[in-house]
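# Breakdown of the fold
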Amino acid sequence: MKRILLISPMPPLIGGVSISTQRLYENLLKDGYDASCFNIKFNNPKYNTALGIILRFFIIPFYIAFHKKYDIIHCHVPGVYRKLYIALNKPLYKKAKLVFTIHGDISPYIHNKAFLFALKKCDKIICVQAGDSSKVPLNLRAKTIDIPPFILPISSNEKDTPKHILEFVKSAQTPIIIINGGIVLTEPYYDLYGFNDAFDLYDRLKGVGIQTTFLSIINGLSLNEAQNNFLANLKLRYKNDKHVLIIDHEQFELFPLFKYCHICLRPTKTDGDSLTIREALAQNCFVIASDVSIRPKGVITYKKDNADELYEKVKEALEAPKSKGTNHTIQEFYPQIKHEYEALYNN
């Protein structure tokens, strides 16, 4: 039985990486692998301070060294120096195969010497964005592959969806537009997930007599002062609008909700291969997203920061009926990841 360690943010944290890794873990267990996870963050958010996260990350090589030998160690860790730290300690891993998944666009890092050194030390590189494997230096391409991170849940129902949210979407009398993401206010991508763009769109539609129902999911349990002020202003702006629901400080999967929504909006300033987008497509939602990355087949794109084009694309989608059949774009990528594991193990 092959032993696999997944190093990643994990639920109860909510985000594309944590959910995708959790589903990978569940599928591996179902298929008989001896899989385990190391959460790079604490379940209790009060410990996720800068020092706390550094200390937790520091113990990873020792955690591996003092456990029974793993066959494959698959890392979903952000940044350059975290990858470098894991790669430099590879001698402690008892000849386990080391896999890095690159979430997001690889382009900003391909000239970073520390990043490339870390990639040289690993045995497999998985890029989630289509075409990124062709951007790495020639000496790394043989071990690099593009695999989107979308994995369907083994089971999906509404029992874990907060009741008041289900009541809101089920009672809606107008088409539902959903947006989710974290409040990211740092440069160069202020309001990275485009909440201001989305709510400006809602106001514009309403101003010309097109009423929609707007569901906004704010990811993240711990917000700083600037993020809290941003959120407070949004809530104040729509406190008397029965067609708007802003959800924060709640953790649940979005997949069951998409079947009630007409449009999933993704007005991001930068992006990787979005789990949100693929889940929405799988539930036959229209998906309208900025053109900041390669989007899956079926996504309607508009030029980033072009409010007029976004408005026109949304207006067209609202006028079209939502498909009732199975979306042809549904494809999950767990089998491809499992294939790479098997190839590494047998090499």
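In what follows, the structure referred to is the one given above.
Fair warning: this is a prediction, and the values are worked out from it, not measured in the lab.

## Digging into the overall build of the chain
Looking only at helices and strands, the chain has eleven helices and twelve strands in total. Compactness check: the chain gives a C-alpha radius of gyration of 21 Å against a globular reference of 20 Å for 347 residues, within 12% of the reference. Scored against the burial criterion, the 347 residues of the chain give a buried share of 51%. Considering only contacts in the chain between residues 6 or more positions apart, those separated by 24 or more positions represent 69%. Total accessible area on the chain is roughly 16,200 Å²; 54% of this is exposed by carbon and sulfur atoms. Here the chain contributes 44 positive and 34 negative side-chain charges, whose respective centroids are spaced 7 Å apart.

## Comments concerning the pattern of salt bridges
Counting across every chain of the model gives 25 salt bridges. Measuring nitrogen to oxygen at the nearest pair gives 3.1 Å for the salt bridge that ties Lys206 to Asp241. Taken as a pair, Lys206 in helix 7 (residues 195–207) and Asp241 in the loop between helix 8 (225–237) and strand 9 (244–247) lie far apart in primary sequence, 35 residues in all. With a shortest N-O distance of 2.9 Å, Asp271 and Arg266 are connected by a salt bridge. Judged by relative accessible area, Asp271 falls into the buried class, the value being 11%.

## Overview of the sheet that holds strand 10 (residues 263–266)
As summarised here, the arrangement of the six strands in space is 9-8-7-10-11-12, forming an open sheet in which the pairing is parallel. Each end of this open sheet is capped by a strand with a single partner; those strands are strand 9 and strand 12 (300–302). Neighbouring strand axes in the sheet, compared pairwise and without regard to direction, differ in orientation by 20° on average. Judged from the four bridges that link them, strand 8 (residues 213–219) and strand 9 form a sheet pairing that is parallel. Counted as the bridge partner of Phe214 is Val244 from strand 9. The strands touched by helix 10 (residues 307–319) are strand 7 (176–182), strand 10, strand 11 (286–290) and strand 12; relative to strand 12, the strand with the most contacts, the crossing angle is about 160°.

## Re the packing of aromatic side chains
Overall, the coordinates contain ten aromatic pairs when judged by the stated rule. Relative to Phe214, the ring of Phe199 lies with its centre 4.8 Å away and its plane at 50°, an arrangement referred to as tilted. Taken together, the residues Phe199 in helix 7 and Phe214 in strand 8 connect sequence positions 15 residues apart. Assigned by exposure class, Phe199 and Phe214 land together as buried. Judged by centre distance (5.6 Å) and plane angle (55°), the ring pair of Tyr202 and Phe214 falls under tilted. Of the two residues, Tyr202 sits in helix 7 while Phe214 sits in strand 8, which places them twelve residues apart along the sequence. Grouping aromatic residues by their ring pairs yields a cluster made of Phe57, Phe58, Phe62 and Tyr85. Arg82 extends its terminal NZ or CZ atom over the ring of Phe57, reaching a point 5.6 Å from the ring centre. Arg204 extends its terminal NZ or CZ atom over the ring of Tyr311, reaching a point 4.2 Å from the ring centre.

## Describing the packing of helix 4 (residues 81–88) against helix 5 (residues 113–121)
The interhelical angle for the contact between helix 4 and helix 5, taken along N-to-C directions, is 40°, at an axis separation of 8 Å. As helix 4 packs across helix 5, the resulting crossing turns out to be left-handed. Facing Tyr81, Lys83, Leu84, Ala87 and Leu88 of helix 4, the residues of helix 5 in contact are Ala114, Phe115, Phe117, Ala118 and Lys121. Considering only residue class, the contact of helix 4 with helix 5 consists of eight nonpolar, no polar and two charged.

## Considerations on the sheet that holds strand 3 (residues 72–75)
In space, the six strands of this open sheet follow the order 2-1-3-4-5-6, with parallel pairing throughout. In this open sheet, the two edge strands, each paired with only one partner strand, are strand 2 (34–39) and strand 6 (144–146). With direction set aside, neighbouring strand axes in the sheet form an average angle of 20°. In this structure, strand 5 (residues 124–127) lies alongside strand 6, joined through three bridges in parallel fashion. If you follow Ile125 over to strand 6, its bridge partner there is Thr144. Its contacts with the sheet place helix 1 (residues 16–30) against strand 1 (3–8), strand 2 and strand 3, and it is angled at close to 170° to strand 1.

Each value, and the rule that gives it
- Residues numbered from 1 in each chain as written.
- Predicted model: local features only at pLDDT ≥ 70, side-chain atom pairs only at ≥ 80, totals over all residues.
- Heavy atoms only, no water.
- Helix = DSSP H or I, 4+ residues; strand = E, 2+ residues; numbered from the N terminus.
- Rg over C-alpha atoms; globule rule 2.2 N^0.38 Å.
- Buried < 20%, exposed > 50% of the residue type's maximum accessible area, 1.4 Å probe, protein only.
- Contact = heavy atoms within 4.5 Å.
- Areas by Shrake-Rupley, 256 points an atom, 1.4 Å probe, with all protein chains shown as cover.
- Lys, Arg positive; Asp, Glu negative; His and termini not counted.
- Charge placed at Lys NZ, Arg CZ, Asp CG, Glu CD.
- Salt bridge = Lys/Arg side-chain N within 4 Å of Asp/Glu carboxyl O.
- Pairing = 2+ DSSP bridges.
- Axes fitted to C-alpha atoms, helices over the stretch in contact; angles between N-to-C directions.
- Phe/Tyr/Trp six-rings, centres within 6.5 Å; stacked < 30°, edge-to-face > 60°.
- Lys NZ or Arg CZ within 6 Å of the ring centre and 35° of its normal.
- Left-handed = near helix turned anticlockwise from the far one by under 90°.
- Nonpolar A, V, L, I, M, F, W, Y, C, P; charged D, E, K, R; others polar.

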